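Summary of the model geometry
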Amino acid sequence: MTLNDPFRPFTPEELQVQANASNPLQKDDGQIILPVPDNALAPEFIHSQYGKPSQKWLYTNVAREPLCYVCRFDLPNGSKQVLPLSYWCDDKGYKWRWKGLPAPRPLYGLYRLALNPTAPVLIVEGEKTATAAQKRFTGFVCVTSLGGAAHSDWRPLASREVTIWPDADEPGLKYANEVAQSAFKVGANSVSIVNVEGLPPKWDLADDAPEGVDIEAMLKAAEPAEVIDTTAPHYISCGEFEMSERGLTIEVETGRGQNKTIETKWICRAFEVIGRARDPHGEGWAGAKGSGKAWFNCGGG
């Protein structure tokens, strides 16, 4: 075996070179500084691509020490871009970077929660909406999460009375349900969700109240959220196949005319479905009506 053999083992020297080589996946990205120190340079709030933000909001801890900013950029095409700005230290020194906080992320309005420990909490989606909601409902502490519900620290909701006001669209309702389950998990005393049916699409509390709509009444009529047992199996039926605690079954027709009967055939024990796939020929989808076949991508053996 020679050094020119492509299948020879690496020498100790070559292994050391590989170990010392820079790996972009393991590159030291610096260290976030929390809270931002008093002697930190003031941020410029200018993004290289989006320019100056139209609005910005400061996230703080319970002592009202700054943690990061969230900035909104209104784009020429009418859309928006929302980016976090945080304070970091790396081998080049201290700097503000357009980068988010690590999870679990703080809530917007933490210091108000600390100042009003018995006040009910109103959760909305977005800093702009939370700021507007706080002006509408002064008896509540209005908060929101940073970058969605999944990576936020909801522990400050423990022992609080929580109401969630969704945006009037499908993503808003999804966000509200995710927040509700998080609030239950951390021990909120109660969790309710405002029914936003009938509101204009995408309407939120930062908008003017629609004509004839009583916003105060809607808040008072918020309905208790349902606790979802995420530990229980979620059985999904697919086309002609039915999944239940008994397992996977299918109804099969036998005979013709007056002799035709429908027989339920048991296929296997119950399992959790995590996806559907086409048949082995790349044609019909799993469990398609009339296929009589099921191709399931499932967890486990």
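For the structure, check the block above.
Residue numbering note: each chain is counted from 1, following its sequence as written. pLDDT decides what is reported in this predicted model: residues at 70 or higher carry local features, side-chain atom pairs at 80 or more are listed and counted, and totals for whole chains, interfaces and linings draw on all residues regardless. To obtain the side-chain values, all non-hydrogen atoms of the structure were used and water was disregarded.

Right, let's talk about the overall build of the protein chain for a bit. Counting its regular elements, the protein chain contains five helices and 15 strands. Only protein chains enter the area calculation, which uses a 1.4 Å probe; residues under 20% of their type maximum are buried, those over 50% are exposed, and those in between are partly exposed. Counting the 301 residues in the protein chain, one finds 34% classified as buried. In what follows, residue pairs with any heavy atoms lying within 4.5 Å of each other are defined as contacts. Taking the contacts inside the protein chain whose residues are at least 6 apart along the sequence as the reference set, 55% of them involve residues at least 24 apart. All accessibility values rest on the Shrake-Rupley procedure with a 1.4 Å probe; residue burial counts only the protein chains present in the view. For the protein chain, the computed accessible surface area is about 19,400 Å², with 51% contributed by carbon and sulfur atoms. Only DSSP runs of H or I covering at least 4 residues are called helices, and only runs of E covering at least 2 are called strands; the numbering of each starts at the N terminus.

Salt bridges are defined as contacts in which a side-chain nitrogen from Lys or Arg sits within 4 Å of a carboxyl oxygen from Asp or Glu. Per the counting criterion, the structure on display carries four salt bridges. The shortest N-O distance in the salt bridge between Asp90 and Lys95 comes to 3.6 Å. Since its relative accessible area comes to 30%, Lys95 is described here as partly exposed. Taking the shortest distance from any N to any O, the salt bridge between Lys202 and Asp169 comes out at 3.9 Å. With Lys202 in the loop between strand 9 (190–193) and helix 5 (215–220) and Asp169 in the loop between strand 8 (161–164) and helix 4 (170–186), this pair connects stretches of sequence that are 33 residues apart.

Structurally, Ser192 can be placed in strand 9. Look at Ser192 and you get buried, because its relative accessible area is 15%.

A few words now on the pairing of strand 2 (residues 55–60). For two strands to be treated as a pair, DSSP must find no fewer than two bridges joining them. With six bridges connecting them, strand 2 and strand 3 (residues 66–74) associate as antiparallel partners. Directly across from Gln55, in strand 3, lies its bridge partner Arg72. The antiparallel hairpin formed by strand 2 and strand 3 contains five residues in its connecting segment, where Arg64 sits at a positive phi of about 65°.

The next point concerns the state of the cysteines. By disulfide we mean two sulfur atoms from cysteines, separated by a distance within 2.5 Å. According to the stated counting rule, one finds zero disulfides in the structure shown. You can see Cys71 has no disulfide; the closest cysteine sulfur is in Cys68, sitting 9.2 Å from it.

An expected span of 1.5 Å times one less than the residue number is assigned to each helix. Taking 1.5 Å per residue as the helical rise, helix 4 with its 17 residues ought to reach 24 Å, and the 25 Å between its terminal C-alpha atoms agrees with that figure. All of the buried residues along helix 4 are Gly172, Tyr175, Ala176, Val179, Ala180, Gln181, Ser182 and Ala183. For helix 4, the elements touching its buried residues are strand 6 (121–123), strand 8 and strand 9. N-cap assignment for helix 4: the residue whose side-chain oxygen lies 2.7 Å from the backbone N of Gly172 is Asp169. Following helix 4 by one or two positions, Gly187 has its phi on the positive side, about 95°. Distance and chemistry together define a polar contact, namely a pair of N or O atoms within 3.5 Å, with one atom able to donate a hydrogen and the other to accept it when in protein, and with adjacent residues in sequence counting only for side-chain atoms on both sides.

Between Leu34 and Pro35 the backbone carries a cis peptide bond, its omega angle lying at -10°. With respect to the helices, strands and loops of the structure, Pro35 is situated in the loop between strand 1 (31–32) and strand 2. Look at the link from Ala103 to Pro104: it is a cis peptide, with omega at -5°. Tracing the sequence through the fold places Pro104 in the loop between strand 5 (93–97) and helix 2 (110–115). The phi dihedral of Phe45 is positive, around 60°, even though this residue is not glycine. Note on placement: Phe45 falls in the loop between strand 1 and strand 2. Given the relative accessible area of 14%, Phe45 is considered buried. Located in the positive-phi region is Ser159, a residue other than glycine, with phi close to 65°.

Relative to strand 9, strand 8 is paired through four bridges, and the arrangement is parallel. What sits directly across from Glu161, in strand 9, is Ser190. Each parallel crossover has a hand, and the one from strand 8 via helix 4 to strand 9 is right-handed. Sheet topology note: the strand 9/strand 10 (residues 223–224) ladder contains two bridges and is antiparallel. Within strand 10, the position partnered with Ile193 by the bridge is Glu223. Whether a crossover is right-handed comes down to one check: with the strands pointing away from the viewer, does the path from the first strand over the helix to the second run clockwise; if it does, it is right-handed.

Before going further, it helps to spend a moment on the nonpolar core. We call a set of buried residues a nonpolar core when its members are Ala, Val, Leu, Ile, Met, Phe, Trp, Tyr or Cys and they connect through side-chain atoms within 4.5 Å of each other. Judged by nonpolar contacts, the single largest core of 27 residues is most densely connected at Leu122, Trp165 and Leu205. Elements with a contribution of two residues or more to this core: strand 2, strand 3, helix 3 (127–136) and helix 5. Setting aside residues up to four positions removed in sequence, Trp165 forms contacts with Leu122, Ile123, Val124, Phe137, Val194, Val196, Leu199, Trp203, Leu205, Ile215, Met218 and Leu219. Counting 22 residues, the second-largest nonpolar core is a separate cluster that includes Leu107, Leu113, Ala149 and Val191.

On to the sheet that holds strand 8, then. Across the sheet, five strands lie side by side as 7-6-8-9-10; this open sheet has mixed pairing. Both outer strands of the open sheet, strand 7 (141–143) and strand 10, are each paired with one neighbouring strand and no more. Bridge analysis of strand 6 against strand 7 gives three bridges, and the strand direction is parallel. Opposite Leu122, over in strand 7, you have Cys142 as the bridge partner. All axes are obtained by fitting lines to C-alpha atoms, using only the stretch in contact for helices, and the reported angles, taken between N-to-C directions, cover 0 to 180 degrees. Each of strand 6 and strand 7 is contacted by helix 3, which is oriented at about 170° to strand 7, the strand it contacts most. Contacting strand 6, strand 8 and strand 9, helix 4 crosses the sheet at an angle of about 175° to strand 9.

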